[in-house]
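What follows is the residue order along each chain.
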Amino acid sequence: MFSIAKSSRVATSLSGALWLAGTQLFAAPKPAPVEPLTFEKDIRPILKANCFHCHGEGEKLKGGLDVRLKHLIAKGGEHGAAITPGSPEKSRLFALVRDGEMPKSEKKLSPSQVETIRQWIAGGAKVARTEPAQPGAADEFTPEERGHWAFQPVKRPVVPSFQFSVFSFQSGSERSGPDLKTEHWPLNTSAAPHPIDAFIGQKLAAAKLTFSPPADRATLIRRASLDLLGLPPAPEEVDAFVKDPAPDAYEKLLDRLLASPHYGERWGRHWLDVAGYADSDGYTDTDTERKWAWQYRDYVIRSHNADKPFNEFIVEQLAGDELVKPPYKNIAPADVDKLAATGFLRMAPDGTASGSVEQKVARNAVVADTIKVVSSSLLGLTVGCAQCHNHKHDPIPQADYYRMRAVFEPGFDLRTWRTPNARLVSLMSDEARAQAAEVEKEAKVIDDARIKQQEEFINAVLEKELLKRPEELRAPLREAYKTAVAKRTPAQVKLLKEHPTVMQLSPGSLYLYEQKKADELKKLTDEATKIREKKPAEKFIPVFTEVAIKDAKTELAPTFLFHRGDPDQPKQQLKPGDLTILASLRSVEVPEKNAALPTSGRRLAYARALTDGQHPLTTRVLVNRIWMNHFGRGIVASPADFGTLGQRPTHPELLDWLASEFVAQGWSLKKMHKLIMTSAAYRQSSKVESRESKAEGRPTSKPALDPRPSTLDSDNKLLWHFPLRRLDAEQLRDSVLAVSGKLNPKAGGAPVPIMNDESGQVVVGINTDDTAGRPSGKFVSLNGEEFRRSLYVQMRRSKPLGFMEAFDAPRMEPNCELRNASTVAPQSLMLMNGEFTLAQAKYFAERVVKEAGDSTDESKVARAWQLAFSRRPTSEEMTGALAFLTKQRAHFTANVPKEAKVAKGKEPPPANADEHALTGLCQALLTANRFLYVE
């Protein structure tokens, strides 16, 4: 097990001109000889993806041709041999794909695929091994499929042995030993490098590259703070860190950040992406609100802050209910967490509560989306592609999809389906319920008194109204009024319509007749309401549970393979299990029933299998996501697709070392953070231009080492510099709030509501439209709730917050496997003209005035720079900012903006030229790349 304490001796310096340069200890490998194309390795994957469904796996072979084996292709079908080895032009198969006649679907083979087939035929249509006479079963796999890297056991590799030296980029001279005065890289040749740096350094050296110089302390604390908390550091925190002479200053910084409650908010958000968290059901246009989904969100945050071992975190989400004994009443706090965790399986879109959907289709969609969430987040595979047929690219038979579905089937059970509201569990204890009953009893006394008085008032008013009518009409009118509406005769209805002041008399209209009497009743209503406010609030959690098994005769919901994915065409029944491609490594069977549990126990068994530390996918997928969220790109760039179409790992040995280390460290996410963030790879500079300009001036003693790096690794896959990344949607909005001084740190609870503003954009606010959807013009204050972290803003599937949508906030369809990072015009418009940005820029300016220390422009500029960029301005920046303020002040003095009426709830514009100028500067800082990007 690698010790963080030991690593501090290797990597603790945080800035300066010196850095670590790796020297290769081995000869450059010779180019591998070009291997001949074979059917199994090069042709079968193309045919499997495009042709098997008609020519091999269907119920009937089209044209009598089976393309699953080379000798069957050579044999051909109704039109004779499909290939003539050595002669592509004489091969019918090649002609058909070349001319686009096959496949019949709109998607044709790419030119490169066609060329591969041509070359294979021209080379003699070779095979890698002797073929069987007939294709095996659908769940039999080729050696090439079994040999795919992601399906191999996780083996802890030996950390590469390297010799490192210290290189001065400023002087261009190489030095050894810790003989430099300050801010040096304290390394001696006998010390072992940080394991991560050893793996990455090995790849860099092989490519004749080196790490970049270290980031300076101000850059590093901003990077670490945004990374772990999603918030920029306060200026005072930056100053304290920059001036801290302690050799372990950086490790202390990481410990402080990891202990912050904001840590769980930031890293919980990462998990909520893959879990598909949303505050609405989706599926239909109604997009019904999920009132209690936030309970799962808060569970995720609590778990991250507590550094709950990730294996426990997974088990609770997949089977927390199977760890709690039903019935779920008077639930202990620890058990509440376990039940809330199963909200993970309730995050998929669910339109089954709507009467307008086809229930069988909608229910099946919920199950399918849940399987997609589970498989993409924990297996890193597109298992859902096998719902209708065998996976076209990966070794996942259709039966495997339904074996996985059988794990969860007892909790869904399409036969006795439970809509979202039917899956809520009350958290109210018997004691609290009894207390609520007592309060209700007290309030009912007031209600009874009000109802009695109300009846007396109505009768009194009725008699007054009747006295205004002719005597012969009084009795018929009284009788008609007191007759139930549904039982009134046509004559009574006609009579009442002729006397509207009698017909319209009701408790709701009493104030029109006797205001004092109506006020007395309202007083009693308010009194009862105030009493009811003493009731303990009843809260609920959305859970995934199975109907308890009463006895051995209770039949569990069966799982059938659906022909072409159609629930109306069930075929053979299947038992629960893991992917059969893993059967050569481990047991893939999941017990159908655990006799010791009142539930099936399937999910619990499956969860424990995934987290036994030996599963080849789970730990790789998890550490890859951790790495991705630190560096912006995973070691495997396709985090939810470790299959054949996904990206191969750039550093496979490092991936496996991290996976094994994660388990060895007790599945601790916080330990993994510290391990990654203490590496030189993480702490190096993100600057590329200065790196390359200095590389050109190096001495020629090592001419082959580290030329302009971008020419060798333009995508920075080898991590020769820290990746420059734009803040994501939540980081950006939260950072703006933090810098403006408006951030509300309140944690947890119901989400902050959203609404459409007058322009139709989704903003934070309480919707006050009338029942017809028309604006009422009313404004309801949120009392600072509007400034809470973005994580706590309601996340409706159909209504993403406008500001965050522009900056690529995730859309849960059903989850978000990898966020997009676009650069589009609406982003600039949001920063230039958006109400949120304009208001926050004004708040930012007001904060600067308060904290600048004096009234000089220099002090204001310096404070603004510290707040926005975590550093002080250079002399050139100061000069430019002062000139900007002078110019803006003169402009607004000469062009006084016209006073405009400010709508209620909107922030008024700056009051004078000074405020306008400073607000303009603050807005410019909030839109600057230095603010928008993590360096």
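In case you missed it, the structure is sitting above this.
Here the structure is a predicted model, which means the values were calculated and not measured. (Residues numbered from 1 in each chain as written. Predicted model: local features only at pLDDT ≥ 70, side-chain atom pairs only at ≥ 80, totals over all residues. Heavy atoms only, no water.)

Draft legend 1. Representation of the overall build of the protein chain. Across its full length, the protein chain carries 36 helices and 11 strands. Seen through its C-alpha atoms, the protein chain measures out along the principal axes to roughly 115 × 85 × 55 Å. Burial statistics for the protein chain: of 935 residues in total, 52% are counted as buried. Look at the contacts in the protein chain between residues 6 or more apart in sequence, and 74% of them connect residues 24 or more apart. When the accessible surface of the protein chain is totalled, it reaches about 43700 Å², and 54% of it is carbon and sulfur. In the protein chain, the 130 positive side-chain charges and the 119 negative ones have mean positions that sit 1 Å from each other. (Helix = DSSP H or I, 4+ residues; strand = E, 2+ residues; numbered from the N terminus. Buried < 20%, exposed > 50% of the residue type's maximum accessible area, 1.4 Å probe, protein only. Contact = heavy atoms within 4.5 Å. Areas by Shrake-Rupley, 256 points an atom, 1.4 Å probe, with all protein chains shown as cover. Lys, Arg positive; Asp, Glu negative; His and termini not counted. Charge placed at Lys NZ, Arg CZ, Asp CG, Glu CD.)

Draft legend 2. The arrangement of the nonpolar core in detail. W271, Y296, L318, W627 and L658 are the most contacted members of the largest nonpolar core, which has 124 residues in total. Ranked by residues supplied to this core, first place goes to helix α15 (residues 359-379) with eight residues. Not counting chain neighbours up to four residues away, the residues in contact with Y296 comprise W271, L272, A275, Y277, Q317, A340, A341, G343, F344 and M347. Residues M878, L918, F931 and L932 belong to the second largest nonpolar core, which totals 43 residues. (Core = buried A, V, L, I, M, F, W, Y, C linked by side-chain atoms within 4.5 Å.)

Draft legend 3. Seen up close, the packing of aromatic side chains. The full count for this structure, using the stated rule, is 26 aromatic pairs. Arranged with centres 6.0 Å apart and planes meeting at 40°, the rings of W292 and W294 form a pair that is tilted. Residue W294 is classed as buried on the basis of its relative accessible area of 7%. Between Y682 and F722, the aromatic rings sit 5.3 Å apart at their centres with planes inclined by 80°, giving edge-to-face as the arrangement. Residue Y682 is located in helix α26 (residues 680-683), and its partner F722 is located in the loop between α28 (709-712) and β8 (725-726); the two are separated by 40 residues in the primary sequence. According to the relative accessible area criterion, Y682 is buried, its value standing at 0%. You can call F722 buried: its relative accessible area is 0%. Members of the aromatic cluster, joined through ring pairs, are W271, Y296, Y299, F310, F313, F344, F662 and W667. The aromatic ring of W417 is capped on one face by R423, whose charged end is 5.8 Å from the ring centroid. (Phe/Tyr/Trp six-rings, centres within 6.5 Å; stacked < 30°, edge-to-face > 60°. Lys NZ or Arg CZ within 6 Å of the ring centre and 35° of its normal.)

Draft legend 4. Structural context of the environment of R223. Relative to the assigned elements, R223 resides in helix α8 (residues 217-229). What makes R223 buried here is its relative accessible area of 1%. Separated by 92 residues in the primary sequence, R223 and V315 have C-alpha atoms spaced 32 Å apart. If sequence neighbours within four positions are ignored, R223 has contacts with A215, Y682, R683, Q684, S685, S686, F722, V934 and E935.

Draft legend 5. Representation of the pattern of salt bridges. Applying the stated criterion to the full structure yields 64 salt bridges. For D273, the salt bridge goes to R269, with nearest N and O atoms at 2.9 Å. Separated by four residues within a single helix, D273 and R269 lie in helix α11 (residues 261-275), roughly one turn from each other. For D273, a relative accessible area of 7% corresponds to the buried category. Given a relative accessible area of 4%, R269 falls into the buried group. For E935, the salt bridge identified is with R930, shortest N-O distance 3.2 Å. (Salt bridge = Lys/Arg side-chain N within 4 Å of Asp/Glu carboxyl O.)

Draft legend 6. Local environment of the packing of helix α23 (residues 618-631) against helix α24 (residues 652-664). Interaxial distance between α23 and α24 falls to 9 Å at its minimum, and their mutual angle equals 105°. Here α23 is positioned roughly perpendicular relative to α24, judged by the angle of their axes. Residues T619, R620, L622, V623, N624, I626 and W627 of α23 lie in contact with α24, whose contacting residues are L654, L655, D656, L658, A659, F662 and V663. Counted by class, the contact of α23 with α24 contains 10 nonpolar, two polar and two charged residues. (Axes fitted to C-alpha atoms, helices over the stretch in contact; angles between N-to-C directions. Parallel < 35°, antiparallel > 145°, perpendicular 65-115°, else oblique. Nonpolar A, V, L, I, M, F, W, Y, C, P; charged D, E, K, R; others polar.)

Draft legend 7. Structural view of the packing of helix α13 (residues 310-319) against helix α22 (residues 602-610). Axis separation between α13 and α22 bottoms out at 9 Å; the angle between their running directions is 160°. If you check the angle between α13 and α22, you find them roughly antiparallel. The handedness of the crossing between α13 and α22 comes out as right-handed. On the side of α13, the interface is formed by V315, L318 and A319, while α22 contributes R603, L604, A607, R608 and L610. Grouping the amino acids of the contact of α13 with α22 by side-chain chemistry returns six nonpolar, no polar and two charged. (Left-handed = near helix turned anticlockwise from the far one by under 90°.)

Draft legend 8. Fine view of helix α31 (residues 825-833). Regarding α31, the residues found buried are Q827, M830 and L831. Taken down its axis, α31 places every buried residue within 90° of arc, on the same side. Residues A825, M832 and N833 are exposed on α31 and point more than 90 degrees away from its buried face. Looking at the buried residues of α31, the elements they touch are β8, α30 (802-806), α32 (835-851), α35 (913-926) and α36 (929-932). (Arc of directions from axis to C-beta.)

Draft legend 9. Quick peek at unusual backbone geometry. At the junction of P326 and P327, the peptide bond is cis and its omega measures out at 0° in the coordinates. Locating P327 in the fold gives a position in the loop between α13 and α14 (333-341). The phi torsion at N330 lies on the positive side, around 50°, for a residue other than glycine. Take N330: it is sitting in the loop between α13 and α14. For N330, a relative accessible area of 42% gives the class partly exposed.

Draft legend 10. Representation of the side chain of D321. Relative to the helices and strands, D321 is located in the loop between α13 and α14. With residues up to four places along the chain from it excluded, the contact list for D321 reads Y328, K338, L339, T342, F544, T545, E546 and R603.

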